[in-house]
Amino acid sequence: MGHDDEPVFKRSQWGTNRYYYNPQNPVGLALIVITLLFAGTMMILMANRAGPFKPSPTPATTPWSPAPYDFSRPSPSSSPAPWPSLPPTATP
């Protein structure tokens, strides 16, 4: 091919520090093809919900649910709560 002296990655000319695969290099071209095949395969698997994206058939146990809210307010009393009694005091 004669392009073996080309780098696999080239610096982007957009003023950023990003690199991209160089299609002039055979390894860079192979990486481009492999990346496209991998991304296409993953998208097909996601669309068909197959492979690692396959949902589990049924859960083995019932899903967790929180306990029902069982807080009841105390009933209002007709008289106010009594004050605590004072401790006995010593007489001089």
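Residues numbered from 1 in each chain as written. Predicted model: local features only at pLDDT ≥ 70, side-chain atom pairs only at ≥ 80, totals over all residues. Heavy atoms only, no water.

**Focus: the overall build of the chain**
Counting its regular elements, the chain contains one helix and two strands. Shown N-terminal to C-terminal, the secondary structure of the chain runs as helices and strands in the order β-β-α. Within the span of the chain, comprising 92 residues, buried residues form 4% of the whole. Expressed as a percentage of contacts within the chain between residues at least 6 apart in sequence, the contacts between residues at least 24 apart total 2%. Working note: accessible area of the chain is about 9200 Å², and carbon and sulfur atoms make up 65% of it. (Helix = DSSP H or I, 4+ residues; strand = E, 2+ residues; numbered from the N terminus. Buried < 20%, exposed > 50% of the residue type's maximum accessible area, 1.4 Å probe, protein only. Contact = heavy atoms within 4.5 Å. Areas by Shrake-Rupley, 256 points an atom, 1.4 Å probe, with all protein chains shown as cover.)

**Concerning helix 1 (residues 26–48)**
Taking 1.5 Å as the rise per residue, helix 1 with 23 residues should run 33 Å; its terminal C-alpha atoms sit 33 Å apart, in good agreement. In the segment just after helix 1, Arg49 is the residue with positive phi, at about 50 degrees. (Expected span 1.5 Å × (residues − 1).)

**Quick look at the packing of aromatic side chains**
Counted according to the given criterion, the structure contains one aromatic pair. When the centroid spacing of 5.7 Å and the interplanar angle of 35 degrees are considered together, the rings of Phe9 and Tyr21 count as tilted. Within this pair, whereas Phe9 is found in strand 1 (residues 9–11), its partner Tyr21 is found in strand 2 (residues 19–21), the two being separated by 12 residues in sequence. (Phe/Tyr/Trp six-rings, centres within 6.5 Å; stacked < 30°, edge-to-face > 60°.)

**Quick notes on a nonpolar patch on the surface**
Taken together, the side chains of Phe9, Tyr19 and Tyr21 present a nonpolar region at the surface, about 330 Å² in accessible area. Structurally, the position occupied by Tyr19 is in strand 2. (Patch = residues over 30% accessible without salt bridge, like charges linked within 9 Å, V, L, I, M, F, W, Y side chains within 5 Å. Salt bridge = Lys/Arg side-chain N within 4 Å of Asp/Glu carboxyl O.)

**Quick look at the side chain of Asn22**
Relative to the assigned elements, Asn22 resides in the loop between strand 2 and helix 1. Here Glu6 takes part through its side chain, which lies 3.1 Å from a polar atom of the side chain of Asn22. Each residue touching Asn22, except ones within four places of it in the same chain, is listed here: Glu6, Pro7, Val8, Lys10, Gly28 and Leu29. (Polar contact = N/O pair within 3.5 Å; in protein donor to acceptor, adjacent residues only side chain to side chain.)

**Details of the side chain of Asn25**
Looking at where Asn25 falls in the secondary structure, it is placed in the loop between strand 2 and helix 1. Accessibility expressed as a relative area gives 6% for Asn25, which makes it buried. Side-chain polar atoms of Asn25 contact the backbone oxygen of Glu6, separated by 2.5 Å.

**Comments concerning the confidence of the model for the chain**
Overall, the predicted model of the chain reaches an average pLDDT of 82, with 79% of residues at or above 70. Least confident of the elements in the chain is strand 1, whose mean pLDDT is 89; most confident is helix 1, at 96. (pLDDT = per-residue confidence, 0-100.)

**Let's talk about unusual backbone geometry**
One non-glycine residue with positive phi stands out, namely Arg49, at about 50 degrees. With respect to the secondary-structure elements, Arg49 resides in the segment after helix 1. Residue Arg49 is classed as exposed on the basis of its relative accessible area of 53%.

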